[in-house]
Each structure stands twice: as C-alpha cells, then as structure tokens.
Amino acid sequence: MSLDCGRKPEHPEETHANSTQTEDHPCIAWSGLSRKIPVLVFHAETVVSKGGEFRDIGERYNLAFKIVRTESRLVRSILSSHGFHEVHPNSNDFNLMWTGIHLKPYLLRGLQDFQKVNHFPRSYELTRKDRLYKNIQRMQQVHGFKRFHIIPQSFILPSEYQEFCSSCAKDKGPWIIKPVASSRGRGIYLVSSPNQIPMDENILVSRYINNPLLIDDFKFDVRLYVLVTSYEPLIIYLYEEGLARFATVKYDHAAKNIKNQFMHLTNYSVNKKSSDYVSCDDPEVEDYGNKWSMSAMLRYLKQEGKDTALLMGQVEDLVIKAVLSAEQQIATACKMYVPHRNNCFELYGFDVLIDSNLKPWLLEVNLSPSLACDAPLDLKIKASMISDMFSLVGEFCPFRTPWARSTEYVGAAQHPLSLRIKNGLRYWCCLPCIAPLRSAVKATLSSFPLQLKVLRKIKEENERRGGFIRIFPTPETWELYSGYLEYKTSMNCMLATRLFPERAVAQTWCSVCPQELVVRFLKRAASNLQQDLRVALPSRRLPLADRRRILSHQLGDLVSLSQETEQMVKKMERLAEEERCVNPDVFQEFVEEASESDLEEVLTFYTHKNKSASVFLGTGCTNAKSGVASSGRTSQRTVEGTSRQGERDSDALRLLGIREKKVCNGKGWLPFSTLPPCVFIQCAMPWVRC
C-alpha cells in the first residue's frame with residue numbers, strides 16, 4: 001500500500017521525526033521514480049504476534065477497510081494488525097473494500113484513485129461455470145480444440161440437451177452435474193443417464209474424469225491461488241503454494257459407488273462431514289490427513305517418478321488460457337466502469353484435477369476462494385498468501401487518505417475535462433507561428449507518461465511479490481500466448497517490449513500501434529497534398545529511438561506542406577496581442593494530464609464539426625465550393641479559411657457522437673473548426689509531446 005502525507009504535521013520537527021521513523025521501518029518499502037513513496041509491506045506473523053511496530057504505520061495514515069457480504073476473519077485480522085480500522089459497510093471512507101459479491105457499476109464508478117476493491121467487473125465470465133465453459137469453447141473454435149482442451153467435455157442444460165443426448169448415446173458416462181452458480185460442492189452429483197437429470201434449472205453437465213491420479217488410492221484435487229492485478233495490460237500471478245484436498249473414501253470407479261460423494265468429490269466442505277475425515281494439528285506436517293500442501297504433494301509425486309516440472313508447466317498453461325478466455329470481456333468492463341487503473345485486483349481460486357496421465361483439468365474457478373483456517377496448515381499457507389497479496393497490489397492510497405484529503409488534491413481530481421480541453425486548445429489556437437509546432441513534431445517521440453507509469457508500477461509489484469510468481473507475461477509465456485489476447489491494445493505490447501525486448505515477439509496487432517498507425521495516417525494525408533511526400537515505415541532492425549526519429553521527421557514534413565496550417569498561422573498572426581495571450585501553465589497541465597480518450601474526443605469532435613476527416617486521415621473528398629474542375633480525375637480539395645464541407649469519413653465517424661463546442665480565445669468564443677491540423681496531429685498521436 002503506497003502512502004503519502006495522510007495528515008500534515010503541524011511542525012517541521014514532526015515531519016523530520018516521521019521521516020526518520022519510516023525510513024527503516026519493517027512495514028515500509030520505497031517506490032516511485034525517485035524511491036520516495038512509502039509502500040506498506042504486510043507480515044503474516046502479525047496474525048499471531050500482534051506487534052505494535054506493525055500497527056503504527058496504518059494508524060498514522062488513518063488507513064481503513066470495510067468487509068461487505070462476506071465473512072473473512074483472516075483478512076480482518078491481517079488488516080487490523082497492521083493498523084487499519086474497520087468502517088461500516090455503507091461508508092465511503094475506506095482504502096480497501098473486501099467483498100464476496102460483484103459490485104454494481106455505480107459503486108465502481110464512484111471509486112477514488114486511492115481506493116481498491118478485490119473484484120473486477122464481469123469476473124463472472126471466469127467464475128460462473130456456464131460462462132467459463134462458453135468462453136473456453138469460443139477459444140477452442142477460434143484457435144483450435146487441442147490448444148484449449150483444458151476442461152472436460154461439457155454441456156449447458158436444458159439449452160444443449162439434444163447435443164448431450166447424442167454424446168451419451170456414443171459414451172454413456174458417468175457424467176457430473178453442477179449448478180452454474182454454486183460453490184463448496186453444493187448441488188453436485190453423478191449420473192449415468194440423461195433420464196436422471198432434472199430440467200427445472202440451468203446446470204452444467206461435464207464428462208466425469210474416471211481415471212484420476214491417486215495417492216494411496218484416494219482421489220484428490222489441487223486448489224491454486226491466482227492473482228490478477230490488471231487486465232490492461234494483463235498481469236497474472238500464481239502463488240507458490242496451494243492445497244491438495246483428498247476424498248475420505250478410497251476411489252473405486254464401479255457403478256455401484258456412483259452416489260458416494262465422499263469418494264468422488266474432493267471439496268473440503270463436503271468431506272469434513274465424513275466420519276473418516278482426518279485433520280492435522282501440526283502446521284509443520286504438510287503430508288498427513290485429508291489436506292496436504294501442494295509442495296508436499298509434488299514431493300510425493302516426484303518420489304514416485306512423476307515429472308512434476310512438466311506437470312506444473314501444464315498447470316500454468318491451463319491458468320493462463322483460462323484467464324485469456326475471459327480477458328476481453330473483463331478488460332472491456334474495466335474500461336467502462338472503473339475510473340482509475342489501479343482500483344481493482346482479484347484473487348481467484350482455481351480447482352484443478354490431475355488424471356492418471358498427468359494431465360491437469362480445470363474443474364472451476366472460484367470468485368472468492370475460502371480463506372477459512374480450520375487447520376494450522378490453512379493458517380500457515382493462507383496468512384502468508386494474503387499478506388503477500390496485499391504487499392504486491394499495494395497503493396490503496398497513492399496520495400491522500402480519506403480523512404486528510406486536501407482541497408488541492410480534490411480539486412485536481414475533479415477538474416472538469418471540458419475546462420482542461422478548452423484551456424489546452426486555447427493555447428494551440430493562439431500559437432504565433434509554425435516554428436514551435438514543427439520543432440515539437442520533429443522532436444524525438446517520447447513514450448506515453450501513462451505507459452511509463454504502468455511499467456514502473458508493474459516492476460515494483462514484481463519486487464514486492466513475495467511468494468507470488470508472475471506467470472504472464474514472461475519472455476516464454478508472451479511468446480506462447482500473446483497471440484491469444486483478444487483485447488488488443490498497445491499496453492500489453494509495450495509491457496512485453498520494455499520488460500524483455502530481446503524475447504518479445506512483435507505480433508501483427510502490436511506493430512499497428514502506434515508506429516504503423518502513424519504511417520497509415522501519413523500515407524492517407526499525403527494523398528491529398530499537391531506536392532509529393534515520401535512516406536515509409538522505418539525498418540524494425542533499427543533501434544526504437546531511431547524509428548521514432550524517422551517518423552517525427554515525416555510528420556514534420558507533412559506539417560510544413562500543409563497549406564491549411566500556413567493559412568491558419570497567418571490568420572492567427574492578425575489577432576490582437578491580447579487575444580493570443582494564454583497561460584502556458586494551463587496548457588502544460590492539459591498536455592500532461594490529458595488521457596488518450598481525452599484527445600480522441602477532441603479529434604472526433606473536429607471530424608464531426610467539419611463533416612470530414614480528410615485533414616488528418618487523408619480521404620479523397622471533394623469540395624463543392626472549390627471551383628476546381630475535375631477533368632478525368634478526382635477534384636482537388638481546396639481550403640477556404642479553415643472550414644470543411646466534404647464527405648464524412650466513415651472510419652472516424654464510427655466514434656461516439658460529440659456535442660457542439662466552441663473554444664474561448666480570451667475575449668470571445670471561437671468556432672472549434674478554426675483549429676490548425678497540427679493540433680490534431682498532436683491529438684491523434686498523443687505520444688508526440690512538446
């Protein structure tokens with residue numbers, strides 16, 4: 001959790017004392033560009049020790065949490081032992097919300113940038129059994145059945161009843177029945193015939209894996225803990241430890257035992273009711289009773305001659321592919337509902353069954369995996385895992401805590417977008433000459449400030465990962481799975497390129513953004529120029545800085561050949577000096593704070609206002625007022641002032657509709673259409689910075 005002056009000390013001596021106290025504090029790690037932002041590090045031993053030194057940081061910064069619609073003593077204990085205090089479930093003054101349900105969109109939209117919740121929107125695409133099956137089925141159809149053959153053959157009833165009957169006629173089973181939205185083994189049973197299945201509710205029917213891997217003749221499955229900290233870019237961690245959960249009756253696949261849940265089901269909530277259930281009271285003994293640690297299970301298999309390295313590689317493959325199947329839906333929902341990039345994280349519980357051929361099968365993904373500690377081994381594993389998770393995700397309050405928000409901070413957070421855009425564009429409209437624009441475009445193209453911030457955050461996350469292992473992206477997994485990403489944005493490609501440039505594979509969609517996108521823009525815009533403009537995509541063999549430099553020169557050439565820009569500059573030079581006067585600090589604020597969507601809104605409005613995108617997309621539109629005849633060829637576009645009466649560009653107008661807007665020049669309101677095209681080069685490619 002990142003901390004900053006939650007309350008302002010009254011005296012300089014207090015500031016110095018606080019700085020000295022936190023510099024070497026066991027609960028503090030340092031982050032940020034200059035390593036000056038303190039981040040709270042959690043310790044699992046506080047659950048037992050309750051040491052005061054672990055509480056003072058959370059108490060000093062007034063950190064708060066709330067738990068909604070779930071009961072988690074472990075989460076409450078860890079947070080309280082680190083100085084957090086609990087607030088009412090209806091309170092909005094919190095740093096962390098831990099909930100057992102999906103949040104409504106209006107609650108997500110109201111989150112401040114220092115607040116975190118433990119679920120992403122639309123996570124049910126991964127955790128509901130029917131949605132998980134449909135998403136994986138879609139990936140099988142798109143990328144091939146064998147590549148995504150990670151779940152048993154399944155059907156959703158009653159909608160797929162006929163297909164199920166046809167499959168039963170070929171192979172009678174047995175089949176396992178699961179309600180689509182249940183957990184803890186509730187409502188699960190086995191059947192051998194379609195006639196045994198009721199049709200009064202939606203259920204998932206899956207082929208029962210009748211050759212499970214056995215240990216001492218008992219069937220078992222593995223609970224894995226998977227942490228996703230971001231869906232754009234996609235970041236997946238797998239905890240190094242898990243739980244192997246055993247049935248309480250020795251396995252026998254004879255048909256007469258089909259109704260014995262203690263033999264066929266491995267859920268702890270089911271088997272703890274059995275008279276044969278064996279628990280272990282020693283946390284250091286991890287291979288005794290009906291619940292083992294995953295590492296103890298792997299040691300046993302290795303002693304039996306099994307290739308555990310291959311097995312865990314297949315398990316990681318299964319986890320990544322399952323998350324990828326729902327990545328697009330969840331990432332899209334995050335963009336719609338989540339106001340800040342760091343608001344959400346999620347811990348999933350993956351249940352995996354291993355068959356006798358050492359192939360792992362995904363049984364289900366749990367939205368809120370149980371954190372109950374009914375045995376010492378549970379506490380040992382889960383307390384460490386939760387502490388490492390909180391340390392990794394961190395940054396619950398990057399700038400202010402709920403009770404110490406300064407007016408300056410609140411004002412910046414609530415700064416109206418329209419005001420920032422207007423103030424920024426006033427500066428663009430009032431530029432006195434073309435030289436600053438050309439020099440800005442010709443400058444080396446820098447990376448997005450947002451991308452650099454995301455990159456730094458992910459690197460710092462990895463440093464605080466504790467027992468979590470990042471399984472995507474890595475050099476190997478990016479090469480294997482990046483082609484399966486469906487939410488194709490530049491963030492994933494940027495991350496892979498920056499983290500491991502020597503291994504990152506340039507996918508087709510990555511190369512389009514942003515450099516090929518710039519070249520497309522240049523080629524289409526150059527088609528409308530009277531003079532020839534040579535446009536070429538720089539070779540990928542060149543260093544990234546050289547490629548950017550080449551593109552910046554081509555953009556500069558386009559600006560210099562733009563007759564419209566020259567006319568606009570001449571018009572602006574005729575404005576009174578007071579009309580050109582603008583506060584440069586306001587413009588700098590706009591450039592630094594405007595997001596890609598802000599700039600896209602400006603670009604879209606210009607297109608809508610002028611009924612054409614030819615200025616910056618280069619469509620071959622005609623102008624009825626130009627007076628230029630087209631003898632055997634397309635009539636040339638001419639400029640009358642800066643107005644446009646051409647055809648709408650279909651690509652640009654697919655964007656959202658924009659309201660009528662004007663820009664203030666200091667004395668009055670100017671039409672939005674009086675902006676030079678250089679503004680929209682800046683807007684279309686926001687990584688071009690002055």
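Along each chain, numbering runs from 1 in the same order as the chain's sequence is written. Only residues with pLDDT of at least 70 get local features here, since the model is predicted, and only at 80 or more are side-chain atom pairs given and counted; chain-wide, interface and lining totals rely on the full set of residues. Values shown for side chains rest on all heavy atoms present in the structure; no hydrogens or waters enter the calculation.

- The protein chain carries the name Tubulin--tyrosine ligase-like protein 5 in an unreviewed UniProt entry, which gives Scleropages formosus as its organism.
- UniProt positions are given in the numbering used here, feature names are shortened, and annotations may be inferred rather than shown by experiment. One UniProt comment on the protein chain, placed under Catalytic activity (unreviewed entry), says "L-glutamyl-[protein] + L-glutamate + ATP = gamma-L-glutamyl-L-glutamyl-[protein] + ADP + phosphate + H(+)".
- Under the heading Sequence similarities (unreviewed entry), UniProt records this for the protein chain: "Belongs to the tubulin--tyrosine ligase family."

### Notes on the pairing of strand 16 (residues 346-354)
Then step 1. Among the nine residues of strand 16, nine are classified as buried, and the element is accordingly described as predominantly covered.
Then step 2. Burial along strand 16 is two-sided: Glu346, Tyr348, Phe350, Val352 and Ile354 facing one way and Leu347, Gly349, Asp351 and Leu353 facing the other are all buried.
Then step 3. Strand pairing requires that DSSP identify at least two bridges connecting the strands. Secondary structure counts use DSSP, requiring at least four H or I residues in a row for a helix and at least two E residues in a row for a strand, with both numbered from the N terminus. Summarising the sheet, strand 12 (residues 218-231) and strand 16 pair through seven bridges and their orientation is antiparallel. Looking across to strand 16, one finds that Val228 is bridged to Glu346.
Then step 4. As judged from the six bridges shared by strand 16 and strand 17 (residues 360-366), these two strands associate in the antiparallel manner. From the neighbouring strand, Leu353 faces strand 17, where its bridge partner is Trp361.
Then step 5. Connecting the antiparallel pair strand 16 and strand 17 is a turn made up of five residues, with Leu358 showing a positive phi of about 65°. The cut-offs for exposure are 20% and 50% of the maximum accessible area for each residue type, with area from a 1.4 Å probe on protein chains only; residues under the lower value are buried, those over the upper are exposed, and the others partly exposed.

### Regarding the sheet that holds strand 8 (residues 175-179)
Then step 1. Strand order in this open sheet of four strands is 7-10-8-9, and the pairing throughout is antiparallel. On the outer flanks of this sheet lie strand 7 (154-157) and strand 9 (189-191), each paired with one strand and no other. Averaged over neighbouring strand pairs, the angle between their axes works out to 30° when direction is ignored.
Then step 2. Direction of pairing for strand 8 relative to strand 10 (residues 203-207): antiparallel, over a ladder of five bridges. Comment: axis = line fitted to C-alpha atoms, over the contacting stretch for helices; angle = value between 0 and 180 degrees taken between N-to-C directions.

### Considering the packing of helix 17 (residues 449-463) against helix 19 (residues 490-499)
Then step 1. Put simply, helix 17 and helix 19 touch, their axes get as near as 10 Å, and they point 60° apart. As the angle between them shows, helix 17 and helix 19 are arranged oblique. Where helix 17 crosses over helix 19, the two elements pack in a sense that is right-handed. Two secondary-structure elements touch here, helix 17 through Leu450, Gln451, Leu452, Val454, Leu455, Ile458 and Lys459 and helix 19 through Ser490, Met491, Met494, Leu495, Arg498 and Leu499.
Then step 2. Residue classes follow a fixed rule: Ala, Val, Leu, Ile, Met, Phe, Trp, Tyr, Cys and Pro count as nonpolar, while Asp, Glu, Lys and Arg count as charged, and any other residue, Gly among them, counts as polar. By residue class, the composition of the contact of helix 17 with helix 19 is nine nonpolar, two polar and two charged. Relative orientations are named as follows: roughly parallel for angles under 35 degrees, roughly antiparallel for angles over 145 degrees, roughly perpendicular for angles from 65 to 115 degrees, and oblique for any other angle. By convention the crossing between two helices is left-handed if the near helix lies anticlockwise of the far one by an angle smaller than a right angle, and right-handed if it lies clockwise. Residues count as neighbours in contact if any of their non-hydrogen atoms are within 4.5 Å of one another.

### Section: empty space enclosed by the protein
Empty space left among the atoms is revealed by rolling a probe the size of a water molecule over them.
Then step 1. Cavity and pocket criteria rest on a 1 Å grid covering protein atoms alone: a 1.4 Å probe that fits but cannot get out defines a cavity, protein on both sides within 12 Å along at least 5 of 7 lines defines an open pocket, and an atom within 4 Å of a point defines a lining residue. Grid points are joined across faces, edges and corners, and a volume is the space filled by probe spheres set on the points. Throughout the structure, instances matching the rule amount to ten cavities of 30 Å³ or more.
Then step 2. The computed volume of the largest cavity comes to approximately 350 Å³.
Then step 3. In this structure, the largest cavity is lined by 25 residues; those nearest its centre are Ile176, Lys178, Leu362, Leu363 and Glu364.
Then step 4. Put simply, the parts of the chain that give the lining of the largest cavity at least two residues each are helix 7 (129-143), strand 8, strand 10, strand 12, strand 16 and strand 17.

### Thoughts on the pairing of strand 13 (residues 234-239)
Then step 1. In terms of residue burial, strand 13 counts as a mostly covered element, since six of its six residues are buried.
Then step 2. The alternating pattern of strand 13 places Leu234, Ile236 and Leu238 and Ile235, Tyr237 and Tyr239 on opposite faces, both of which are buried.
Then step 3. Where strand 12 lies against strand 13, five bridges are found, and the strand directions are antiparallel. Each bridged residue has a counterpart across the sheet, and for Tyr231 the counterpart in strand 13 is Leu234.
Then step 4. Where strand 13 meets strand 18 (residues 468-472), four bridges bridge the pair, whose relative direction is antiparallel. Its bridge partner being in strand 18, Tyr237 is matched across the sheet by Arg470.

### Details of the confidence of the model for the protein chain
Then step 1. The pLDDT averaged across the protein chain works out to 77; a share of 67% of its residues lies at or above 70.
Then step 2. Residue-level confidence of the predictor, termed pLDDT, takes values from 0 up to 100. Considering only residues more than four positions removed or in separate chains, one finds that residues 397-447, a stretch of pLDDT under 50, has 123 contacts.

### Let's talk about the packing of helix 4 (residues 73-81) against helix 13 (residues 376-393)
Then step 1. Contact geometry of helix 4 with helix 13 gives a least axis separation of 10 Å together with a crossing angle of 55°. Compared by their axis directions, helix 4 and helix 13 come out oblique. The hand of the helix 4/helix 13 crossing is right-handed. Residues Leu74, Val75, Ile78 and Leu79 of helix 4 touch helix 13, and the partners they reach there are Leu379, Lys382, Ala383, Ile386, Ser387 and Phe390.
Then step 2. Of the residues assigned to the contact of helix 4 with helix 13, the class counts are eight nonpolar, one polar and one charged.

### Some points on unusual backbone geometry
Then step 1. In this model, Glu232 is joined to Pro233 through a cis peptide bond whose omega is 0°.
Then step 2. Mapping Pro233 onto the fold places it in the loop between strand 12 and strand 13.
Then step 3. Cis geometry is found at the peptide bond from Phe472 to Pro473, where omega equals 0°.
Then step 4. Take Pro473: it is sitting in the loop between strand 18 and helix 18 (475-481).
Then step 5. Phi is positive for Arg122, close to 65°, though the residue is something other than glycine.
Then step 6. With respect to the element layout, Arg122 can be found in the loop between strand 6 (116-117) and helix 6 (124-127).
Then step 7. Positive phi, normally seen in glycine, also occurs at Asp216, with a value near 55°.
Then step 8. Here Asp216 lies in the loop between strand 11 (214-215) and strand 12.

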